[in-house]
2 protein chains.
Amino acid sequence: MKSSLLSLTLLGSFWLGSATTLGQASDYPIQPVPFTDVHVDDPFWSPRIEKNRTETIPASFARIESTGRLKNFDMAAKGEGKFCTTYTFDDTDIYKTIEGASFSMAVHPDPQLDAYVDSLIGVVKAAQEPDGYLYTARTIDPANPHKWAGPERWVLEHENSHELYNSGHLFEAAAAHYQATGKRNLLDIALKNADLLLDVFGPNKRHVAPGHEVVEMGLVKLYRLTGREKYLDLAKFFIDERGKREYDENSPDPWKNGKYWQDATPVVDEDEAVGHAVRAMYLYAAVADVAALTGDEAYTTAVDRIWDNMVGKKIYVQGGIGAVPSGERFGENYDLPNHSAYNETCAAIGNVYWNHRMFLLHGDAKYMDVLEKVLYNGMISGVGMDGKTFFYTNAMQITDHYQHHDLERERSGWFVCSCCPTNVTRFMPSIPGYVYAKRNDDLYVNLFINGSADVDVKGKSVTITQENNYPWDGGLAFTLKPRSSTEFNLKIRIPGWVQNEALPSDLYRFEGNSDAKPEINVNGQAVDYTMDKGYAVLSRKWKRNDKVEVMLPMDVRRVVANEQVEADRGKVAIQRGPLIYCAEWKDNDGQASNILLPEQVEFTPTFESSLLNGVTVLEGQAPKVEVIDNGLGLKTETKPVRLIPYYAWANRGPGEMQIWFPEKVTGVELFAEESK
Amino acid sequence: MKSSLLSLTLLGSFWLGSATTLGQASDYPIQPVPFTDVHVDDPFWSPRIEKNRTETIPASFARIESTGRLKNFDMAAKGEGKFCTTYTFDDTDIYKTIEGASFSMAVHPDPQLDAYVDSLIGVVKAAQEPDGYLYTARTIDPANPHKWAGPERWVLEHENSHELYNSGHLFEAAAAHYQATGKRNLLDIALKNADLLLDVFGPNKRHVAPGHEVVEMGLVKLYRLTGREKYLDLAKFFIDERGKREYDENSPDPWKNGKYWQDATPVVDEDEAVGHAVRAMYLYAAVADVAALTGDEAYTTAVDRIWDNMVGKKIYVQGGIGAVPSGERFGENYDLPNHSAYNETCAAIGNVYWNHRMFLLHGDAKYMDVLEKVLYNGMISGVGMDGKTFFYTNAMQITDHYQHHDLERERSGWFVCSCCPTNVTRFMPSIPGYVYAKRNDDLYVNLFINGSADVDVKGKSVTITQENNYPWDGGLAFTLKPRSSTEFNLKIRIPGWVQNEALPSDLYRFEGNSDAKPEINVNGQAVDYTMDKGYAVLSRKWKRNDKVEVMLPMDVRRVVANEQVEADRGKVAIQRGPLIYCAEWKDNDGQASNILLPEQVEFTPTFESSLLNGVTVLEGQAPKVEVIDNGLGLKTETKPVRLIPYYAWANRGPGEMQIWFPEKVTGVELFAEESK
């Protein structure tokens, strides 16, 4: 290896938050409590994380072997054969699954898995070229590489090669693996590759705006780990390369005007979330990282503007982003059609990454409100109850009469382009890391997940325990156990949905107002509290076993969209707590598209423990349109309607699903008998 | 002028059909009777052609002046200013309107118009560069041309410049103007430009597949006129240039795989109608021309295959082609959605050009069946009753709930890209040229339009007169007046719709069979006749005032689509005679999308002389879906339904229109109240 690696000290939060081995100018003012210090024991989340450990990770590794992804590395090591999968970025599925396995092993040691991962790392290492280049689609047969790879290294990086994308996921996996195991085998591979990038790219060297961002986030992780500023500099260099190419700015085609790659405008001048949604999320997350690490205000104000645009004009009510199937990308402002909503699962995960960083930058609960919306709705909808079937896209509406649409009605075990399953694999075990954060005297509680966490506040150890039945019930209980009594501010996020914010923007709002201020008790006594950026601030000298109780009212709320969202005009969606509900065929006589929800419909929440691993359903009576007279007529009748949480749809076979319901009908499209 | 122009002899049919001044190897076996010899006096068509003369042509010239199109030529002549319209092909609107004015003057002399056209030709001449180049977008300021023009002549011809497209329309206009007036002023400009093309393009010279075809048709016309084989050779060269570029054949993007320009495949290997529909029509028409003129069998079989594909899989029931808005192009086989149907008016006109040539090549009535379908439905729908408002696209379905679609609901006077109005302008006066044709002993009657024509059959003059009330009535009467009794075959097209051919393919079929063989009387006596390629053949020695009567049954027919057309499954369209009918909001209580047409609905035809310049409407009783209870319910009730001919829609304000109706309903999409 060329660079002499600086000594590494394992710091809990290096992959997300703050200070590393070497001092740096600045960082996120808020530091997350690392997932390794958060011990989740939660009826909602624990089974999911455990399913990821016992089903998703093994299934992912099995598919990596069976589909030829591992064989590609083998062939690269031997310099013989023919790249045997479809995409040049198929290498990353290995990296991402190793990342997930590492996160999992960090909280659930598993020597057998550890050994298996080591064996994979050995295969990866053998495929790395002597100078650090690692990209099987070329190395297997450099004279005749995959057509996306281009004839020479890097020449098609912007267009299609994903060479730097592969590096980025390698870096992320290596950081996770090192943290989980303390072993440097994957990290050494990553650093050797990163040092090659330092040689090749930079001012006075090769320039490129990476085609699919993620290398920037990966380089920041290597910087946090090693303190080598050149990695951070290179991340910033790649970000600053955007917006320099010549495009046809008048073209509406995102490939011709550069928006597809977030390359039409320099990042610091951007004010709109554009292009391929996953690339966008990874870029904006990296911009937040670099903003925090360099203190560059132009970066901060850019991501603030872009966030305002996305949350104000380009996000679905279940948290999905990237409306347009062609290019898996953001559409125009307010253009959020339901029938064709794309909402890639990877984009939802990227949205969590970005919003978490925005919170760490600004300390505002609104970012966690968005994160919660994504997490509980449009992200976990991407994985089935079995833990091994996945949605690539997350539909807003499935009707029997749009079966010809390409969007998915059923989850699949794997995809030719299998980015989403492996992204789920790496994301799920990291969820505990989003629950808590701290800054000086402040301890933030962002998510309501049972379990305990060990936190160092002002140098003093505090254990905080949560007991609740969230998201089914709004009653939250927190027990604080400081090693010794300590004064600090407990900041509990009061979700926007408790009062009137369906989303921290005017994109969606609730019908009717609720000015209820949640009641908070400390040790059984109601206390006054102030609100600060969406947090209830409880400032006191905390003693062992102090108990805080918060009651978040969980009424069934009717959500209406900004009238500029044409697809949702005159329609209503139903939300309870953080959950968006949907009607699925299975609960509604085989249909969902025939339901009206006028104002007077009332829903009763009931927890059904045997349904869909336990969900609160909403039941009411509403008008339903039905075909009569052998197809020659229609009638409307009030009938029972049952809604389930959106995330749980498509676990009982394919059929209709609907989120937005007309309040009144003003017209219909009639669908005809379909012949065979 | 560089070339010494051969002496020209004005032959009636040179721009469409057969032999020219100089003998050529071969030509279309069938020759059209030129429109100048067909004297139309028809209640359906004469007002349209007259409206074109009195309204459309003057309005078109007025807009050419007011929009700056003429100014572009002025500036080019002076070499100063800045190209002041949007598109580099805006020059062609002048050429096309001169072409229309010329056709019009050929049958309706107009000295004032003649003088005005001469003055325009003077302006055009002044804009021509010394070597014959004529393209105002560059000549105005060659150092800083329109961005589509490219930095040098011809370099962007394939992509966007339209330099050869402009030449093609110039050639067509010049041929028409010369024929109408006998004046060479425009023809000289065209030949000078054509000779420049001969210098620049060809084997061992510059190669290009013209970006927007039409120069090929134009060159053929100059060849017919001058007999200079180099023009024909260059037309063939341009056709043969297609399919040679490198594209990404795996890309679904028609710009990346070359299909947009009909450039993915050499023409002789093509078997599918692809890409931009207008370009496709002009190409296929030119291929038919070159096939006829060179006897090249590979050309003939190619256009036969492509025609089979288009008529079998890619044409709407009203004759529209080019389903896809993006790229104004053909979609995939059987992909004929109604909501988004594009159906450019220019493509309909091009489809007439092509089918006429296919008939001249093969003598089969099926081509005229398609031509009639296009002409009476999806082509004349492109121009309003006022003669000066136009559709660029011709919708299949307009519903109040798809108002956000970009497709037109109302005609406009002009467009930024105004190809369609000027195409209508040039096409309308040429319609009489499609009525008759001849070959040796055969006189073909293709269209049923009142008036008389002077035809030379076997060297003997015959006048044929038509009397009918077509398309409202199927009773046809023909009176023959040979100068002296003459034996020849009168071949009267028996439209496919008389029996069971909704279209000469299996794309659409009628519900129920009709084996009725039309009765034909000669001088009041029923006669036996044979059928040959869709024509009733009446072979006899014709005497002066022989009268032929044909009764085409005009039942109301129910049309169903091939089940592979997903958009039309379980639906029915209504046809009577050559006309496709539609329901328009105005006749149906403000709606059209709510109508079911189950089998048992019966329609009564009634001619309404005061409606829409006189149309036969179809009236019946059918189930209609209606919103009740202030939007909280739907019901179905049998109510009066009135259908009008499709071509006449959108003359009474914007609103719903529908061609395909469910026979039965199997489901609905509910549309919600739209807020402001």
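Bear in mind the structure is a predicted one, so any value in this text is a computation, not a measurement.

About the thresholds
- Residues numbered from 1 in each chain as written.
- Chains lettered and ligands numbered in written order.
- Predicted model: local features only at pLDDT ≥ 70, side-chain atom pairs only at ≥ 80, totals over all residues.
- Heavy atoms only, no water.
- Helix = DSSP H or I, 4+ residues; strand = E, 2+ residues; numbered from the N terminus.
- Rg over C-alpha atoms; globule rule 2.2 N^0.38 Å.
- Buried < 20%, exposed > 50% of the residue type's maximum accessible area, 1.4 Å probe, protein only.
- Contact = heavy atoms within 4.5 Å.
- Areas by Shrake-Rupley, 256 points an atom, 1.4 Å probe, with all protein chains shown as cover.
- Buried area = accessible area lost by both parts, 1.4 Å probe.
- Salt bridge = Lys/Arg side-chain N within 4 Å of Asp/Glu carboxyl O.
- Polar contact = N/O pair within 3.5 Å; in protein donor to acceptor, adjacent residues only side chain to side chain.
- Least-squares fit on C-alpha atoms with pLDDT ≥ 70 in both.
- UniProt positions renumbered as here; feature names shortened; annotations may be inferred.
- Domains from an automatic or database assignment.

Engineer: What's the story with the overall build of chain A in this structure? I'm lost.
Structural biologist: The helix and strand inventory of chain A stands at 16 helices and 24 strands. Its C-alpha radius of gyration of 25 Å places chain A within 12% of the 26 Å reference for a compact globule of 676 residues. Across its three principal axes, chain A shows a C-alpha extent of roughly 75 × 70 × 50 Å. Among the 676 residues that make up chain A, the fraction classed as buried is 64%. Once local pairs closer than 6 in sequence are excluded, the contacts in chain A between residues at least 24 apart make up 70%. As displayed, chain A offers around 22900 Å² of accessible surface, 46% of which is attributable to carbon and sulfur atoms.

Engineer: Please clarify how the interface of chain A and chain B should be interpreted in this entry.
Structural biologist: The figure often quoted for interface size is the accessible area lost as the parts come together. In this complex, chain A contributes 46 residues to the contact, which on the side of chain B involves 46 residues. Of the roughly 4100 Å² buried where chain A meets chain B, counting both sides, 50% is carbon and sulfur surface. Of all residues in chain A, the largest losses of buried area upon contact with chain B belong to Leu632(A), Glu669(A) and Leu670(A), amounting jointly to 16% of the total for that side. Where chain A meets chain B, there are zero salt bridges. Counting every contact that joins chain A to chain B gives 13 residue pairs in polar contact (both at pLDDT 80 or more).

Engineer: What's the story with the pattern of salt bridges in this structure? I'm lost.
Structural biologist: Pairs can form between side chains of opposite charge once their charged atoms are near each other. All names here are of chain A. Counted according to the given criterion, the structure contains 72 salt bridges over all chains. The salt bridge involving glutamate 50 is made with arginine 53; its shortest N-O contact spans 2.9 Å. In this pair, glutamate 50 and arginine 53 are both assigned in helix H1 (residues 46-66), three residues apart and thus about one turn of the helix distant. Accessibility expressed as a relative area gives 35% for glutamate 50, which makes it partly exposed. A salt bridge links arginine 69 to aspartate 93; the nearest nitrogen and oxygen atoms lie 2.7 Å apart. Here arginine 69 is found in helix H2 (residues 69-78), whereas its partner aspartate 93 is found in helix H3 (residues 91-107), with 24 residues between them in sequence. Accessibility classification places arginine 69 together with aspartate 93 in one group, the buried group. Several salt bridges share partner residues, and in doing so they unite Glu584, Asp587, Glu608, Glu619, Arg642 and Arg652 into one network.

Engineer: Teacher, can you tell me more about the relation of the copies chain A and chain B here?
Structural biologist: After a rotation of 179° and a shift along the axis of 0.0 Å, chain A superposes on chain B with an RMSD of 0.0 Å. Expressed as an axis order, the relation between the two copies is that of a two-fold axis. A share of 100% of interface residues in chain A that are also interface residues in chain B marks the association as one of identical surfaces.

Engineer: Would you mind going over the side chain of Ser418(A) with me for this structure?
Structural biologist: Along the chain, Ser418(A) turns up in the loop between strand S3 (397-398) and helix H16 (419-427). Discounting residues that sit within four places of it in the chain, Ser418(A) has contacts with Arg69(A) and Asp93(A).

Engineer: Which parts of the structure should I look at to understand the UniProt feature "domain: Non-reducing end beta-L-arabinofuranosidase-like GH127 middle" (unreviewed entry) in chain A?
Structural biologist: Using the residue numbers shown here, the UniProt feature "domain: Non-reducing end beta-L-arabinofuranosidase-like GH127 middle" (unreviewed entry) corresponds to residues 443-554 of chain A. Along residues 443-554 of chain A, the helical share is 0% and the strand share 54%, with 25 Å between the first and last C-alpha atoms.

Engineer: Looking at this structure, I do not really get the domain arrangement of chain A. What am I missing?
Structural biologist: Residue and element names in this part refer to chain A. Split into domains, chain A comes out as domain 1 (31-434), domain 2 (436-493 + 517-551) and domain 3 (556-662). Computed over C-alpha atoms, the centres of domain 1 and domain 3 are 34 Å apart. Counting each side, the surface lost to burial between domain 1 and domain 3 is near 2400 Å², with a carbon and sulfur contribution of 57%. Per-residue buried area on domain 1 facing domain 3 is highest for Val317, Tyr334 and Met385; these three make up 26% of the total on that side. For the pair domain 1 and domain 3, the number of links is zero salt bridges.

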